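Topology and contacts: notes
Here's the letter readout for the chains.
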Protein chains: 2
Amino acid sequence: MTPPSSLESLIAALRCLPGVGPKSAQRMAFHLMQRDRPGAERLAASLRRALETLKHCERCNTFTEDDICERCRSPKRDAGQLCIVETMIDMAMMEQTLAYSGMYYVLMGRISPLDGIGVRELGLEKLLERLNDEAVREVIIATNFTNEGEITAHYLMEMLKTRPLRVSRIARGVPVGGELEYVDAGTLAQALRERKPAVE
Amino acid sequence: MTPPSSLESLIAALRCLPGVGPKSAQRMAFHLMQRDRPGAERLAASLRRALETLKHCERCNTFTEDDICERCRSPKRDAGQLCIVETMIDMAMMEQTLAYSGMYYVLMGRISPLDGIGVRELGLEKLLERLNDEAVREVIIATNFTNEGEITAHYLMEMLKTRPLRVSRIARGVPVGGELEYVDAGTLAQALRERKPAVE
């Protein structure tokens, strides 16, 4: 008198989604089967297609359907600059600034011992290879300012120290439009420590 | 320079899951493609299998892989009682009480004008048909005590009024083990109104 096994295995399979526990998985399965079978069809087909076509760009490691992604192939980008970000989303955020026209390397994660992601799991060999191959003059580390992002940034800086490269980290500080009243003390302390001389 | 289209369509397809907005869908898609491709394989296969095999029981409307579900076929259940619930989960809750051995009818939803689910969308013809066919003596309405569940219960009671059936609604009141101090006023008022004579 248990639910049919195909429903049970769907509920179990939905648990692989991040942030989905047993109750949500049940709710999702019922919703799909009862109210949105076309949506379930689309989801199954998209998963299948993504699994078949998505791979990592040989140069920047981002997801692409080609061997080398559109951005890495573009002659308009400055090949001398390489910005290292954690995810494709971060890369999209950087692009939105319209302030950067160099290349990227997408780590597809960050060092996070608590999640069992160490240097080996991140696969930094590919990044090192990328740096060997290239006439890259400058590396900009744009990992997040979370604990994991900072650990990753420090590891990268150590790793790149001996290379003839300009290595920098994007700046921390008070956000543009930010009021001191609403900024946390850590950020404000950092902004004070990293104050810049007022040059005309 | 947008994400590859197979990734974009996966993100879009994940939006069909209840409670999943654009940010979660993006996170889920990256997680599946980067960290859990076997999980994505399993999910695609389970969706496909569920879509192919799951149908509604001809008698109780629950999900099953057969024409008539195991419970409706069981000779051990009392065919004279029919308990109407909103979902399969509610049916499972009723079963856990071990206090009911009759049949069920699963509405697979409730009347909810705000979600565009009216009487027609619920498909109550199947329930009426079920009641015609059967030697059902008693109907127990066990929809939720939410606004939608109550509207549904009232509609069902009106609908069944003219039929030669004992129709009842499960009781509202103070939960077993509940302390008056922590029960909301509405529940307590209801428990007072529906007080039962103390019979020895």
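Below, the structure is looked at part by part. Keep in mind it's a predicted model, so treat the numbers as computed, not measured. (Residues numbered from 1 in each chain as written. Chains lettered and ligands numbered in written order. Predicted model: local features only at pLDDT ≥ 70, side-chain atom pairs only at ≥ 80, totals over all residues. Heavy atoms only, no water.)

**Remarks on the interface of chain A and chain B**
- On the side of chain B, 52 residues touch chain A, which itself brings 52 residues to the contact.
- For the interface between chain A and chain B, the tally reads 2 salt bridges.
- The closest approach of N and O atoms between Arg48 of chain A and Glu41 of chain B, which form a salt bridge, is 3.0 Å.
- On inspection of chain A and its partner chain B, the count reaches 14 residue pairs in polar contact (both at pLDDT 80 or more).
- At 15 residues, helix α3 (residues 37-53) of chain A tops the list of elements feeding residues into the side of chain A that touches chain B.
- Split by residue class, the side of chain A that touches chain B holds 28 nonpolar, 13 polar and 11 charged. (Contact = heavy atoms within 4.5 Å. Salt bridge = Lys/Arg side-chain N within 4 Å of Asp/Glu carboxyl O. Polar contact = N/O pair within 3.5 Å; in protein donor to acceptor, adjacent residues only side chain to side chain. Helix = DSSP H or I, 4+ residues; strand = E, 2+ residues; numbered from the N terminus. Nonpolar A, V, L, I, M, F, W, Y, C, P; charged D, E, K, R; others polar.)

**Quick look at the relation of the copies chain A and chain B**
- Screw-axis analysis of chain A against chain B gives a translation of 0.0 Å along the axis, an RMSD of 0.1 Å, and a rotation angle of 180°. In short, the pair behaves as if placed about a two-fold rotation axis. Residue Ala44 of chain A, judged by its C-alpha, is the member of chain A lying nearest the rotation axis, at 2.3 Å. (Least-squares fit on C-alpha atoms with pLDDT ≥ 70 in both.)

**With respect to helix α5 (residues 88-96) of chain A**
- Met88, Asp90, Met91, Met94 and Glu95 of chain A are the residues of α5 of chain A that are buried. Buried residues along α5 of chain A cover an arc of 155° about the axis, so they all sit on one side.
- On its buried face, α5 of chain A is in contact with β2 (63-64), α4 (70-73), β3 (78-85) and β4 (102-106) of chain A together with α1 (5-14) and α2 (22-35) of chain B.
- Two residues or fewer past α5 of chain A, Leu98 of chain A is found with a positive phi of approximately 60°. (Buried < 20%, exposed > 50% of the residue type's maximum accessible area, 1.4 Å probe, protein only. Arc of directions from axis to C-beta.)

**Examining the packing of aromatic side chains**
- Within the structure shown, the criterion is met by 4 aromatic pairs over all chains.
- Centre to centre, the rings of Phe63 of chain A and Phe30 of chain B are 6.2 Å apart; their planes meet at 10°, and the pair counts as stacked. Of this pair, Phe63 of chain A sits in strand β2 while Phe30 of chain B sits in helix α2, placing the two residues on different chains.
- According to the relative accessible area criterion, Phe63 of chain A is buried, its value standing at 2%.
- Under the relative-accessibility criterion, Phe30 of chain B is labelled buried at 13%.
- For Arg169 of chain A, the ring lying beneath its charged end belongs to Phe145 of chain A, and the centroid distance is 4.1 Å. (Phe/Tyr/Trp six-rings, centres within 6.5 Å; stacked < 30°, edge-to-face > 60°. Lys NZ or Arg CZ within 6 Å of the ring centre and 35° of its normal.)

**Re the environment of Glu41 of chain A**
- When you line up the elements, Glu41 of chain A lands in helix α3.
- Leaving out residues up to four positions away in the same chain, Glu41 of chain A has contacts with Arg48 and Leu51 of chain B.

**Examining the nonpolar core**
- In this structure, Met33 of chain A together with Met33 of chain B are the most contacted members of the largest nonpolar core, which totals 66 residues.
- Every residue in contact with Met33 of chain A, bar those within four places of it in the chain, is listed here: Leu7, Leu10 and Ala40 of chain A together with Ala50, Leu51, Leu54 and Phe63 of chain B. (Core = buried A, V, L, I, M, F, W, Y, C linked by side-chain atoms within 4.5 Å.)

**Re the sheet that holds strand β5 (residues 138-141) of chain B**
Residues and elements named next belong to chain B.
- Read across the sheet, 4 strands follow the order β4-β3-β5-β6 without closing on themselves; strand pairing throughout is parallel. Each having just a single partner strand, β4 (102-106) and β6 (166-169) make up the two edges of the open sheet. Neighbouring strand axes in the sheet, compared pairwise and without regard to direction, differ in orientation by 25° on average.
- In this structure, strand β3 (residues 78-85) lies alongside β5, joined through 4 bridges in parallel fashion. The residue bridging Leu82 from the neighbouring strand is Val139, located in β5.
- In the packing of helix α5 (residues 88-96) onto the sheet, the strands contacted are β3 and β4, and the crossing angle to β4 comes to about 160°.
- Packing against the sheet, helix α8 (residues 147-160) makes contact with β3, β5 and β6, and its axis sits at approximately 170° to β6. (Pairing = 2+ DSSP bridges. Axes fitted to C-alpha atoms, helices over the stretch in contact; angles between N-to-C directions.)

**Regarding the packing of helix α1 (residues 5-14) of chain A against helix α2 (residues 22-35) of chain A**
Residues and elements named next belong to chain A.
- For the pair α1 and α2, the least separation of the axes is 8 Å and the interaxial angle reads 125°. In terms of their interaxial angle, α1 and α2 are classed as oblique. In this structure, α1 meets α2 at a crossing whose hand is right-handed. Contacts between α1 and α2 involve Leu7, Leu10, Ile11 and Leu14 on the former and, on the latter, Ala25, Gln26, Met28, Ala29, Phe30 and Met33.
- Looking at the contact of α1 with α2, its residues break down into 9 nonpolar, 1 polar and no charged. (Parallel < 35°, antiparallel > 145°, perpendicular 65-115°, else oblique. Left-handed = near helix turned anticlockwise from the far one by under 90°.)

**Concerning the environment of Gly21 of chain A**
Residue and element names in this part refer to chain A.
- Looking at the secondary structure, you find Gly21 in the loop between α1 and α2.
- Residue Gly21 is classed as partly exposed on the basis of its relative accessible area, which comes to 24%.
- In sequence terms Gly21 and Ile11 are 10 residues apart; their C-alpha atoms lie 9.7 Å from each other.

**Some words on the sheet that holds strand β6 (residues 166-169) of chain A**
Residues and elements named next belong to chain A.
- If you walk across this open sheet you meet the 4 strands as β4-β3-β5-β6, and the pairing is parallel. The open sheet terminates on both sides in strands that have one partner only, identified here as β4 and β6. On average, adjacent strands in this sheet sit at an angle of 25° to one another, irrespective of strand direction.
- Both β3 and β4 contribute to a ladder of 5 bridges, which runs parallel. Considered in β4, the bridge of Ile84 is made with Tyr105.
- Packed on one face of the sheet, α5 meets β3 and β4 and runs near 160° to β4.
- The strands that helix α8 (residues 147-160) touches are β3, β5 (138-141) and β6; relative to β6, the one it contacts most, it runs at about 170°.

**Quick look at unusual backbone geometry**
- Unusually for a residue other than glycine, Asn61 of chain A sits at a positive phi of about 75°.
- Along the polypeptide, Asn61 of chain A turns up in the loop between β1 (55-56) and β2.
- When its relative accessible area of 8% is taken as the criterion, Asn61 of chain A is described as buried.
- In this structure, Met108 of chain B takes a positive phi of about 60° despite not being glycine.
- Turning to its location among the elements, Met108 of chain B is positioned in the loop between β4 and α6 (119-122).
- Here Met108 of chain B falls in the buried class, since its relative accessible area comes to 7%.

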